[in-house]
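One letter stands for each residue in the lines below.
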Amino acid sequence: MAELKTKYDRQLRIWAEQGQAALEKASICLLNCGPTGAETLKNLVLGGIGSITVVDGSKVEVGDLGNNFMVDESNIGESKAKCVCTMLQELNDAVKAKFVEEYPEKLIEAKPSFFSQFTLIVAAQLPEGAMIKLDRICREANVMSVFARSYGLTGLVRVSLKEHAVIESKPDHFLDDLRLNNPWPELKRFADSIDISTHDPVAHKHIPYVVILIKMAEEWAQSHNGSFPSTREEKKAFKDLLKSKMIAFDEDNYKEAIDASFKLFAPQEITSDLRHLLDDSCAEVSASSSDFWVMVAALKEFIVNEGGGEPPLEGSIPDMTSSTEHYVILQKVYQAKAEADFLAVEQRVRDILNKCGSNPDSISKMAIKNFCKNARKLTVCRYRSVEEEFQAPNVPHLHNMAASFYCLLRAVDKYAANFSSFPGQFDGEMDEDISRLKTIAVGLLSELGCNGVTLSEDLIYEMCRYGAAELHAVAAFVGGIASQEIIKLITKQFIPMRGTFIFNG
């Protein structure tokens, strides 16, 4: 374990040991190991994914040497899946690796049950028809899938699964859970035990700003009919009141209180995102409900009862200017409240599991505690199937370059289905290919109900000029985006992309 901590030190700082454990349990299948697929899998192997299976029926050709760093000249004529698998294994010997020498499209048609054994499928460079079939198979088996593609100087990444619940969404900016405008009894007693009017300069400059704000808010409310500052003028007046209590210019704790006063002004209510989650039909649980929705149901009951309209307290406090004694006591007050909230939610989880006829201990204490800590930041992502997207894509602004590339990426697949090659793939046919691709693109726009919308002639020419080439620089970028989203899905940390990502190089 100590060796692994050293090996994965940097990433453990991002997704911690539970995230790394999830990666090490995951089994990934890659379909097509050209540069886009190989780059995606390389990032996952270096990150310590549990096992990989590479599926590709092609042989290494001379053209692969210029864009795929996982093969070399000595591999020409050999199985591409085997060569890429061997090279990836060398990057991290802790990862279990195997290969299947078969064309992905044939495997999708002949053996759909093959895919149910994996945690996630990475499908690189699949044509539209195969994407739809694979997505349908994965959804039926509850297997996550990520589609990645590079095409000349453009590319796409698309996540697909029915539902993805994120407990540790880790937003960049989120208000500290300090309950300054609604302190519970123990926090109120601690604040009352400190005299903020003391004339001792050392004691005065070491009062935690949490205490200052709670006591000054109480003083303000007494002279304003029980209400806190709400208008711009009132907020400015409150800050001026805080400044007036300073007895020295170097009192950092009062400066912190002024800077953090916005935390007091924030409304005392749960967020609209959390409200939508609590009101979701899945919060009405049954024996078949997932652990996540059982905990959401318990959270809903807690907020109505013990929580008094608020979710469980997170229990952590930010750094602040304070005496060590005051800071430690304040920390313990918050931790004790968080622990009490956790115990109340845990009991409700056990009761709900009992009512559903499930094992009341099937959800671990650690899982419930982590849920409570992140209760304000819960997120659920739901995805349309690939087939639904293709039938009715949300591309309202086709003069937008990304939307235009999206339509043209689909158009080149239709072109390949009709003519058994991609536009611009062979020399000497450029003018004819441009005309054919334009006709297909116009027909696609008509199918999507976008009559009257035109695509740039320059973009159509560019798509033909690309000739379906996988450029390594683009493949590496697209593979990086794909692997990033895969890590989010497996660790269930951070919010994965919710639509189709289009890269414009």
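Look a little higher up for the structure.
Keep in mind that what you see is a predicted model, and the values were worked out from it rather than measured.

Colleague: An account of the sheet that holds strand β6 (residues 154-160) is needed here, citing residue identities and associated values.
Modeller: Strand pairing in a sheet relies on backbone hydrogen bonds, with the paired strands running either antiparallel or parallel. If you trace the seven strands from one edge of the open sheet to the other, you get β3-β2-β1-β4-β5-β6-β9, paired in mixed fashion. Where the open sheet ends on each side, the last strands, each with one partner, are β3 (96-100) and β9 (500-504). Each strand axis lies, on average, 15° off the axis of its neighbour in the sheet, ignoring direction. Of the strand pairs in this sheet, strand β5 (residues 144-151) and β6 are connected by seven bridges, and their pairing is antiparallel. Paired with R149 across the two strands is L156, which belongs to β6.

Colleague: Any details on the side chain of E314? Residues and values, ideally.
Modeller: Its location among the elements puts E314 in the loop between α14 (291-304) and α15 (324-355). Its relative accessible area of 16% is what places E314 among the buried residues. One polar contact links E314 to R376, side chain to side chain, over a distance of 2.7 Å. Once residues lying within four places of it in the same chain are set aside, the contact partners of E314 are D177, A338, K373, R376 and K377.

Colleague: For helix α11 (residues 252-259), give the residues involved together with the corresponding values.
Modeller: All of the buried residues in α11 are N253, Y254, A257 and I258. Taken around the axis of α11, the buried residues stretch over an arc of 145°, which confines them to a single face. Of the surrounding secondary structure, the elements contacted by the buried residues of α11 are α8 (201-204), α9 (209-222), α10 (232-244) and α12 (261-265).

Colleague: Would you mind going over unusual backbone geometry in detail, with residue names and values included?
Modeller: Non-glycine residue N32 carries a positive phi angle of around 75°. Relative to the helices and strands, N32 resides in the loop between β1 (27-31) and α3 (35-46). Classification of N32 by relative accessible area gives buried; the value is 14%. The phi angle at K170 is positive, at roughly 50°, despite the residue not being glycine. Relative to the helices and strands, K170 is located in the loop between β7 (163-166) and α7 (185-192).

Colleague: Quick rundown of the packing of α3 against helix α4 (residues 80-91)? Include the residues and the values.
Modeller: At a minimum axis distance of 9 Å, the contact between α3 and α4 shows a crossing angle of 30°. One way to sum up the angle between α3 and α4 is to call them roughly parallel. In the crossing of α3 with α4, the sense of the turn from one axis to the other is right-handed. Counted together, A38, L41, K42, V45 and L46 of α3 and V84, L88 and L91 of α4 form the full contact between these two elements. Classifying every residue of the contact of α3 with α4 by side-chain character gives seven nonpolar, no polar and one charged.

Colleague: Which residues make up the packing of α9 against α11, and what values do they have?
Modeller: Packing of α9 against α11 leaves a shortest axis separation of 8 Å and a crossing angle of 60°. The angle between α9 and α11 places the two elements in the oblique class. The handedness of the crossing between α9 and α11 is right-handed. Within the contact between the two elements, α9 uses Y209, I212 and L213 and α11 uses N253, Y254, E256 and A257.

Colleague: I'd like a description of the pattern of salt bridges, backed by residues and values.
Modeller: Two side chains of opposite charge can pair, provided their charged atoms sit close to one another. Taken as a whole and judged by the stated rule, the model has 35 salt bridges. Residues E109 and K133 are paired through a salt bridge, measuring 2.1 Å at the closest nitrogen-oxygen approach. Of the two residues, E109 sits in helix α5 (residues 104-110) while K133 sits in helix α6 (residues 128-140), which places them 24 residues apart along the sequence. Classification of K133 by relative accessible area gives partly exposed; the value is 36%. Of the charged contacts in the structure, one is a salt bridge between E301 and R348, with a shortest N-O distance of 3.0 Å. Of the two residues, E301 sits in helix α14 while R348 sits in helix α15, which places them 47 residues apart along the sequence. A cluster of three or more residues bridged by salt bridges with shared partners is formed by D177, R179, E310, E314, R376 and K377.

Colleague: I'd like a rundown of the nonpolar core, residues and numbers included.
Modeller: Counting 46 residues, the largest nonpolar core has L31, F115, I121, L126, L134 and M463 as the members making the most contacts within it. Per-element accounting of this core gives the leading share, eight residues, to helix α18 (residues 401-419). With residues up to four places along the chain from it excluded, the contact list for I121 reads C29, L31, F115, L134, C138, V143, M144, S145 and V146. By size, the runner-up hydrophobic cluster in this structure holds 43 residues, among which are V71, L120, A148 and I486.

Colleague: Outline α4, supporting the account with residue identities and numerical values.
Modeller: The end-to-end C-alpha distance of α4 is 17 Å, a good match for the 16 Å that 12 residues give at a rise of 1.5 Å each. Regarding α4, the residues found buried are K80, A81, C83, V84, C85 and L88. Elements in contact with the buried residues of α4: α3, β2 (51-55) and β3. Between a side-chain oxygen at the N-terminus of α4 and the backbone nitrogen of A81 the separation is 3.4 Å; the capping residue is S79.

Colleague: Give a detailed account of the pairing of β6, specifying residues and quantitative values.
Modeller: In terms of burial, β6 is largely enclosed, as seven of its seven residues are buried. Neither face of β6 is exposed, since T154, L156, R158 and S160 on one face and G155, V157 and V159 on the opposite face are all buried. The loop that links β5 with its antiparallel partner β6 comprises two residues; one of these, G152, has a positive phi angle of about 65°. Bridge count between β6 and β9: five bridges; the pairing is antiparallel. When the sheet's bridge partners are listed, L156 is paired in β9 with I502.

Cut-offs used in this document
- Residues numbered from 1 in each chain as written.
- Predicted model: local features only at pLDDT ≥ 70, side-chain atom pairs only at ≥ 80, totals over all residues.
- Heavy atoms only, no water.
- Pairing = 2+ DSSP bridges.
- Helix = DSSP H or I, 4+ residues; strand = E, 2+ residues; numbered from the N terminus.
- Axes fitted to C-alpha atoms, helices over the stretch in contact; angles between N-to-C directions.
- Buried < 20%, exposed > 50% of the residue type's maximum accessible area, 1.4 Å probe, protein only.
- Polar contact = N/O pair within 3.5 Å; in protein donor to acceptor, adjacent residues only side chain to side chain.
- Contact = heavy atoms within 4.5 Å.
- Arc of directions from axis to C-beta.
- Parallel < 35°, antiparallel > 145°, perpendicular 65-115°, else oblique.
- Left-handed = near helix turned anticlockwise from the far one by under 90°.
- Nonpolar A, V, L, I, M, F, W, Y, C, P; charged D, E, K, R; others polar.
- Salt bridge = Lys/Arg side-chain N within 4 Å of Asp/Glu carboxyl O.
- Core = buried A, V, L, I, M, F, W, Y, C linked by side-chain atoms within 4.5 Å.
- Expected span 1.5 Å × (residues − 1).

Shape is all these values report; function is a separate question.
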